[in-house]
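Survey of secondary and tertiary structure
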Amino acid sequence: MDIQHTNLLIIGGGPGGYVAAIRAAQLGIATTLVEGEQLGGTCLNVGCIPSKALIHAADAFAQAHHFMGDSTLGIHVEKARIDISQTVRWKDGIVARLTGGVGALLKKHGVKVVKGWAQIVDGKTVDVTLDKPGAEPMRIQGEHIILATGSVELGLPGMPFGGRVISSTQALSPDKIPAKLVVVGGGYIGLELGCAYRKLGSDVTVVEAQDRILPLYDEELTKPVAASLRKLGIQVHLGSKVQGLNAAGDAVRVVDANGRDSEIAADQVLVAIGRVPHTHGWGLEKLMLAMQGRAVKVDDQCRTSMRNVWAIGDLSGEPMLAHRAMAQGEMVAEIISGKRRHFVPAAIAAVCFTDPEVVVVGQTPAEAAKAGLECITAQFPFAANGRAMTLEATDGFVRVVARRDNHRIVGWQAVGAAVSELSTAFSQSIEMGACLEDVAGTIHAHPTLGEAVQEAALRALGHALHI
Ligand SMILES: Cc1cc2nc3c(=O)[nH]c(=O)nc-3n(C[C@H](O)[C@H](O)[C@H](O)COP(=O)(O)OP(=O)(O)OC[C@H]3O[C@@H](n4cnc5c(N)ncnc54)[C@H](O)[C@@H]3O)c2cc1C
């Protein structure tokens, strides 16, 4: 068998793997990237980007629909109509542009991209089944291997994917909008897609096993989301577990916290109960790496328990987010090139693109208290922000958490329309070690939602101006 040699071999071309490849090539490291499906991984193909495209289309449609009734803005639409196949083509166009762009960047930097599935042979070698009919498998050896195989959707025992039971991947490419959609899982993926489908016209019911939606988020932040779900007409069953489909296959069997059974009619069932590291089916077990739960265990440089074998992104566990995967990929490439780097971010933003959006960066008041920090907490409502009024988006607030002794900011949280865009300012202030006075003393452009960030800091100092 023909053996190809490289300095760095990367398995998986998602945001972790492709960013590692670009940075390594920039640093002069001969790099080969093996990808079994499409460059861009889950994020660009069936995750972050297509979901946000669908959410945007659903918002635009809901807005058009809204203008069919009485409108305070004086806008009237005769009849709002959506051609969902055109929406999906538009979304696919964005995905194609971005994945094509990743391919072009890899080529520009001289990364060798091999299209096929990698199987581990040993800690330096993989065999690749090429995505070409009749092609012989290719053996590749690398001085270093970065494992970046991402994560896979968790299915429900007793209700496998197929037929009416779909995953987020299918939900992102609908050929028609189901009249009745049951979403299993009230986490961010289930709620983002549930809100979008409701706005596209489905009757949506969310079934969540815990006693509140977005169970991983601070409860106060999730209240405006719960209120919005009610306003949208989304039914939410909390503390309820899905048992499977009924005998006719047209309803979901649910048991509530009191043990009562019921059925919820469903044309489609979206199972969004979480994702797990993609550790099976590609020979990972041969390396006998130390694991942490279901993820590959890594240290603060993304080293695994085997020398020169690195793991990044979702494969290395929570938080499973694209920006974390990218940051790890960039760092590992730099370490391999000889730079001194450690993965010790002060905070990694988590954003939920529900309606309204939720952002959490750093510590919540409860987390800070648990860590033994005495903190000041202040909140500024969008109801007192001029820009929010002009956007008809006065629900929600920005909250800051800062140490009482030196005013150093340890956390930001926000809920409201478009607050995802505030995550940059939140992350920067925490990463740069900003104090309340730094944010309060920065001139924030008017009129912007960002003024609520400054006002939250001012309020924590006891002298907010606009409340
Ligand atoms: C619906 C949805 C919405 C999301 N929204 C967001 C969001 O808004 N923000 C956010 O930060 N994150 C979001 N995520 C999560 C985000 O997509 C992941 O955290 C991110 O893609 C992880 O990157 P990765 O590089 O670790 O893995 P992946 O993106 O999963 O890429 C792994 C790649 O490895 C390839 N691969 C696997 N095994 C092999 C093999 N043996 N040989 C060759 N190739 C292989 C796969 O084909 C895949 O392309 C979302 C996920 C979903 C499902």
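Residues numbered from 1 in each chain as written. Predicted model: local features only at pLDDT ≥ 70, side-chain atom pairs only at ≥ 80, totals over all residues. Heavy atoms only, no water.

**Observations concerning the overall build of the protein chain**
Cut-off, in case you're wondering: Runs of E in the DSSP output that reach at least two residues are strands. Runs of H or I that reach at least four are helices, and both are numbered from the N terminus. Note on classification: 1.4 Å probe, protein chains only; a residue is buried when its accessible area is under 20% of the maximum for its type, exposed when over 50%, partly exposed between these limits. The criterion used for residue contact is that any of the two residues' heavy atoms lie within 4.5 Å. All accessible areas in this document rest on Shrake-Rupley with a 1.4 Å probe, and a residue is counted as covered only by the protein chains that are shown. Only four residue types enter the charge count: Lys and Arg as positive, Asp and Glu as negative, with His and the chain ends excluded. The atom standing in for a charge is NZ when the residue is Lys, CZ when it is Arg, CG when it is Asp and CD when it is Glu.
For the protein chain, the count of helices and strands is 13 helices and 23 strands. Projected onto its principal axes, the C-alpha positions of the protein chain cover 70 × 65 × 45 Å. By residue count, 50% of the 467 residues in the protein chain fall in the buried class. Of all intrachain contacts in the protein chain linking residues separated by at least 6 positions in sequence, the fraction that spans at least 24 positions is 62%. Surface exposure of the protein chain reaches about 21900 Å², of which carbon and sulfur atoms provide 52%. In the protein chain, 43 side chains carry a positive charge and 47 a negative one; their mean positions are 4 Å apart.

**Some thoughts on helix α7 (residues 219-232)**
The test is simple: One less than the number of residues in a helix, times 1.5 Å, gives the span that helix is expected to have. The arc in question is the one traced by the directions running from the helix axis out to the C-beta atoms. What qualifies as a polar contact is a pair of N or O atoms within 3.5 Å, subject to a donor-acceptor requirement within protein and to the restriction that residues adjacent in sequence count only when both atoms come from side chains.
Under the 1.5 Å per step criterion, the end-to-end length of α7 is 20 Å for 14 residues, consistent within 8% with the ideal 20 Å. Among the residues of α7, Leu221, Thr222, Pro224, Val225, Ser228 and Leu229 are the ones counted as buried. End-on, the buried residues of α7 take up no more than an arc of 150°, which puts them together on one face. The exposed residues of α7 that point more than 90 degrees off its buried face are Lys223, Arg230 and Lys231. Tucked into the core, α7 has its buried residues touching α6 (188-200), β10 (235-237), β20 (357-362), β22 (397-403) and β23 (409-416). The backbone nitrogen of Glu220 has a side-chain oxygen 2.8 Å away, supplied by the residue at the start of α7, namely Asp218. Just past α7, the residue Gly233 takes up positive phi, approximately 85°.

**What about the site of the ligand?**
So the rule is basically this: Nearness is defined per residue: one heavy atom within 4 Å of the molecule or strand is enough. Each residue is assigned to one class: nonpolar for Ala, Val, Leu, Ile, Met, Phe, Trp, Tyr, Cys and Pro, charged for Asp, Glu, Lys and Arg, and polar for all the others, Gly among them.
Among the 40 residues in the neighbourhood of the ligand, the closest are listed as Glu35, Thr42, Lys52, Asp314 and Ala322. The separation between an oxygen atom of the ligand and a polar main-chain atom of Gly16 is 2.9 Å. Within the side chain of His323, a nitrogen or oxygen atom sits 3.3 Å from an oxygen atom of the ligand. Across the complex, the protein chains shield 95% of the 1000 Å² of accessible surface that the ligand would expose by itself. Tallied by class, residues from the shell around the ligand come to 17 nonpolar, 18 polar and 5 charged.

**Brief notes about the packing of α6 against α7**
Our working definition: With axes taken as lines fitted to C-alpha atoms, and helix axes fitted only over the stretch in contact, angles between N-to-C directions fall between 0 and 180 degrees. Every angle not falling under 35 degrees, over 145, or within 65 to 115 is termed oblique; those three ranges are roughly parallel, roughly antiparallel and roughly perpendicular. Note on convention: near helix rotated counterclockwise from far helix by under a right angle means a left-handed crossing. Clockwise means right-handed.
Orientation of α6 relative to α7, taken along the N-to-C sense of each, is 25°, at an axis distance of 11 Å. Between α6 and α7, the angle falls in the class roughly parallel. Our pair here, α6 against α7, has a crossing hand that is left-handed. Here Leu191, Cys195, Arg198 and Lys199 of α6 come into contact with α7, specifically with Val225, Leu229 and Leu232. When its residues are assigned to classes, the contact of α6 with α7 shows 5 nonpolar, no polar and 2 charged.

**A look at the pairing of β20**
This is how the line gets drawn: A strand pair is defined by DSSP finding two or more bridges across the two strands.
Among the 6 residues of β20, 5 are classified as buried, and the element is accordingly described as predominantly covered. Of the pairings in the sheet, the one linking strand β19 (residues 350-352) to β20 comprises 3 bridges and is antiparallel in character. Counted as the bridge partner of Val351 is Val359 from β20. Counting the residues between successive antiparallel strands, the hairpin from β19 to β20 contains 4 residues.

**Examining the state of the cysteines**
Cut-off, in case you're wondering: The disulfide definition used here is simple: a pair of cysteine sulfur atoms within 2.5 Å.
Per the stated rule, a full pass over the model turns up 0 disulfides. Cysteine Cys302 remains unbridged, with the sulfur of Cys43 as its closest cysteine sulfur at 17 Å. With no disulfide of its own, Cys435 lies 12 Å from the sulfur of Cys375, the closest cysteine sulfur.

**Here we look at the sheet that holds β10**
Read from one edge of the open sheet, 5 strands run β7-β14-β8-β9-β10, paired in parallel fashion. For this open sheet the edge positions go to β7 (165-166) and β10, each flanked by a neighbour on one side alone. Bridging between strand β8 (residues 180-184) and strand β14 (residues 268-271) involves 4 bridges; their strand directions are parallel. What sits directly across from Leu181, in β14, is Gln268. Sheet contacts for α6: β8, β9 (203-207) and β14; angle to β9, the most-contacted strand, approximately 165°.

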